[in-house]
Amino acid sequence: AAVPGQLIARYLSTIAGDYKLSVLVNGEGIKGNRFDVINRPGVIKAFHCEAVGSGLSADVLVDDRVRLEMQARDVYGNMRTTGGDAVVVQVFKYISNVATPYLIPYESEFSDDLNGKYSADYLVTQSGEFRVYVTVNDNHIRSSPFPVRFHAGLPFPTLTTAQGEGVEGGLKGETLNFVVSSRDKYSNKITQGGS
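Residues numbered from 1 in each chain as written. Predicted model: local features only at pLDDT ≥ 70, side-chain atom pairs only at ≥ 80, totals over all residues. Heavy atoms only, no water.

## Observations concerning the layout of surface pockets
- Roughly 190 Å³ of volume is contained in the largest pocket.
- Around the largest pocket sit Leu7, Ala9, Arg10, Tyr11, Leu21, Val23 and Ile30, which together line it.
- Residues belonging to the lining of the largest pocket are distributed by class as follows: 6 nonpolar, no polar and 1 charged. (1 Å grid on protein atoms, 1.4 Å probe; cavity = no way out; pocket = protein on both sides within 12 Å on 5 of 7 lines; lining within 4 Å. Points joined across faces, edges and corners; volume = space filled by probe spheres on them. Nonpolar A, V, L, I, M, F, W, Y, C, P; charged D, E, K, R; others polar.)

Pasting the structure below:
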């Protein structure tokens, strides 16, 4: 409650930044006018956070180390400048449209840069349909889950086989055929290429 001769003033700041606040009485600045005001971003809100990077691309080769980066934002979309938020990145393999947790290999890393930016590097060794979940306080960020298809990597010689009469022998003058079946170094069947 205001005391006689006092006025309670308030304002709502939705854009983080450094401001100069002027208070005028009868068109003139009061004593100490032009106050320095620093408005910091508010608490993180998942639906305003965004992630980008090769780890969210629609098509990726198995054995490609991929990365994603997320920028934390508050309810007004201001970029947060501190870390320590409950950000989680999970990779799920989809089998018949059902999410199955995929154990991310030991090469995976997650980092909180303590400036509102978070990043994750990971390596998937199975081909197939995956979803990358990026959540803040158990809520999905914008566009999460991200669909990612991992394709088999390059053919690995010791896992590539040849079968058929062409590798067994035949009669002179006869055309002999054989089939080469390629797998990558994680034994994923290569389904593209050849002919």
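Back to the write-up after that little detour.
## Brief notes about the sheet that holds strand E5 (residues 50–52)
- Judged by pairing direction, the sheet is antiparallel, and its 4 strands sit side by side in the order E5-E7-E11-E10 without closing on themselves. The sheet is open, and its two borders are formed by E5 and strand E10 (109–112), each paired with just one other strand. Adjacent strand axes in the sheet meet at a mean angle of 15° when their direction is disregarded. (Pairing = 2+ DSSP bridges. Helix = DSSP H or I, 4+ residues; strand = E, 2+ residues; numbered from the N terminus. Axes fitted to C-alpha atoms, helices over the stretch in contact; angles between N-to-C directions.)

## Remarks on the pairing of strand E12 (residues 128–136)
- Judged by how many residues are buried, E12 sits mostly within the fold: 7 of 9 residues are covered.
- In terms of strand pairing, strand E8 (residues 87–95) meets E12 through 7 bridges, oriented antiparallel. Paired with Val87 across the bridge in E12 is Val136.
- Pairing of E12 with strand E14 (residues 146–151), which is carried by 5 bridges, proceeds in the antiparallel orientation. Pairing of Arg131 across the sheet is with Pro147, part of E14.
- Where E12 lies against strand E13 (residues 139–140), 2 bridges are found, and the strand directions are antiparallel. Looking across to E13, one finds that Val136 is bridged to Asn139.
- Turn length for the E12-E13 hairpin, with the two strands adjacent in sequence and antiparallel, is 2 residues, and the turn residue Asn137 shows positive phi of about 50°. (Buried < 20%, exposed > 50% of the residue type's maximum accessible area, 1.4 Å probe, protein only.)

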